[in-house]
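Tertiary structure, described
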Amino acid sequence: MEPNHSNKVLSSPPALEAKDNLSMMHSKFICCKLYISESRNTMAIDAIDSAARSDPQAAVLSKFEDCLYNRVRYTLVSYIVNDSSTDELIYSPIRKVLMAMMESAFSTINLELHSGAHPRMGVNDDLSFHPLGQATMEDAVRLAKLVASDIGNDLQVPVFLYAAAHPTGKSVGAIRRELGYYRPNYMGSQWSGSMLPDVLPISPDEGPSNVSSERGATTVGATPFLENYNVPILSKDVAVVRRITRSVSGRGGGLPSVQALALFHGDCTEIACLLDPDHVSAYQVQTVVEQIAADQGLEVEKGYFTDITKDRMLDKYLKIASTAD
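A few points on the structure. It should be emphasised that the depicted structure is a prediction, and the values quoted were computed from it without experimental measurement. (Residues numbered from 1 in each chain as written. Predicted model: local features only at pLDDT ≥ 70, side-chain atom pairs only at ≥ 80, totals over all residues. Heavy atoms only, no water.)

Here we come to the nonpolar core. Judged by nonpolar contacts, the single largest core of 44 residues is most densely connected at Leu98, Met101, Met102, Leu127, Phe129 and Val220. Among the secondary structure elements, those contributing two or more residues to this core are β1 (28–36), α2 (42–52), β3 (71–79), α3 (93–108), β7 (124–133), α4 (137–154), β8 (159–163) and β10 (218–222). Leave out the neighbours within four places in its chain, and Val220 touches Asp126, Leu127, Phe129, Ala144, Ala148, Ile151, Val159, Phe160, Leu161, Tyr162 and Ala165. In terms of nonpolar packing, the next biggest core, distinct from the first, is built from 21 residues, Val248, Leu255, Ile271 and Val300 among them. (Core = buried A, V, L, I, M, F, W, Y, C linked by side-chain atoms within 4.5 Å. Buried < 20%, exposed > 50% of the residue type's maximum accessible area, 1.4 Å probe, protein only. Helix = DSSP H or I, 4+ residues; strand = E, 2+ residues; numbered from the N terminus. Contact = heavy atoms within 4.5 Å.)

This is the structure:
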């Protein structure tokens, strides 16, 4: 008697096959975090969301909105294609999608009418590029410079390059300090309207030297992947929390590579951190903040991430892109 076994080969589900095919076709991927100065204007956000869906091969993996900051961050991922002979980046769907999103933002947001508890100098305030998969920092730099050129030349907005995209590696913090980015101009802890002079004090890397008060300027950089981690401190005394922030940040002699900013946030003041997970953990940031705050008699709430982690990012993108129509 023949054993009751089937010789039928079981095939993979279509979605899994599509995901495998996409990962076989492409080994290099790019992440871009686009920060836009708006979260209260529903019409503007809807228009930007629609533009973000213009090509399913450039997928929005997460979106973080904060009405008090009046700011939204989109995290997009796509593949990149390199020239087979020179290995230079020649194409990524993310480039066109980013332009569509920024054009929508400019057509629906006027910086002169904007206010919030987060500093900003432009409608499209910042774009940071991060290599994923087998992509290199050189790939991220190349794409950052292409998008910066698009913004400067096509949209006629001044662009400042930073980190690996800058010729000398100048940090975004250094550029922002030169432009007065961190100085609130409304009610002591708020930013309102245009905050840049008509003629910039430093020359942009792309675009005009004159600034539109309705559009502002943009920073574009390439860095290793950074995580966003915010720690609320139950105090409205921003000056006291700023002293804690300096002790936490790498620039202030605290945790290496941590960038931190104290921001008024309703009933508390948040320490908004950018950290390199390969060097510093959110647990370390939380612990140091709690220790310093305790010395000041301040209570600290549990911090929170505002984005998905790097190890989940590529898998989520492959799932979304492979099931898109």
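If you trace the 6 strands from one edge of the open sheet to the other, you get β2-β3-β1-β7-β10-β8, paired in mixed fashion. If you trace the sheet from one side to the other, it starts and ends with β2 (58–66) and β8, each paired once. In this sheet, adjacent strand axes meet at a mean angle of 20 degrees when their direction is disregarded. Pairing geometry for β1 and β7, over 9 bridges, is antiparallel. From the neighbouring strand, Cys31 faces β7, where its bridge partner is His130. α2 contacts β1, β2 and β3 of the sheet and is inclined by roughly 160 degrees relative to β2. Each of β1, β2, β3 and β7 touches α3; the most contacted strand, β3, lies at about 160 degrees to it. (Pairing = 2+ DSSP bridges. Axes fitted to C-alpha atoms, helices over the stretch in contact; angles between N-to-C directions.)

Tracing the chain through its elements places Ser128 in strand β7. Overall, Ser128 belongs to the buried group, its relative accessible area being 7%. Within polar-contact distance, the side chain of Ser128 engages the side chain of His130 at 3.0 Å. Residues in contact with Ser128, not counting those within four places in the same chain, are Cys31, Cys32, Lys33, Tyr35, Tyr162 and Gly221. (Polar contact = N/O pair within 3.5 Å; in protein donor to acceptor, adjacent residues only side chain to side chain.)

Geometry only, nothing functional implied.
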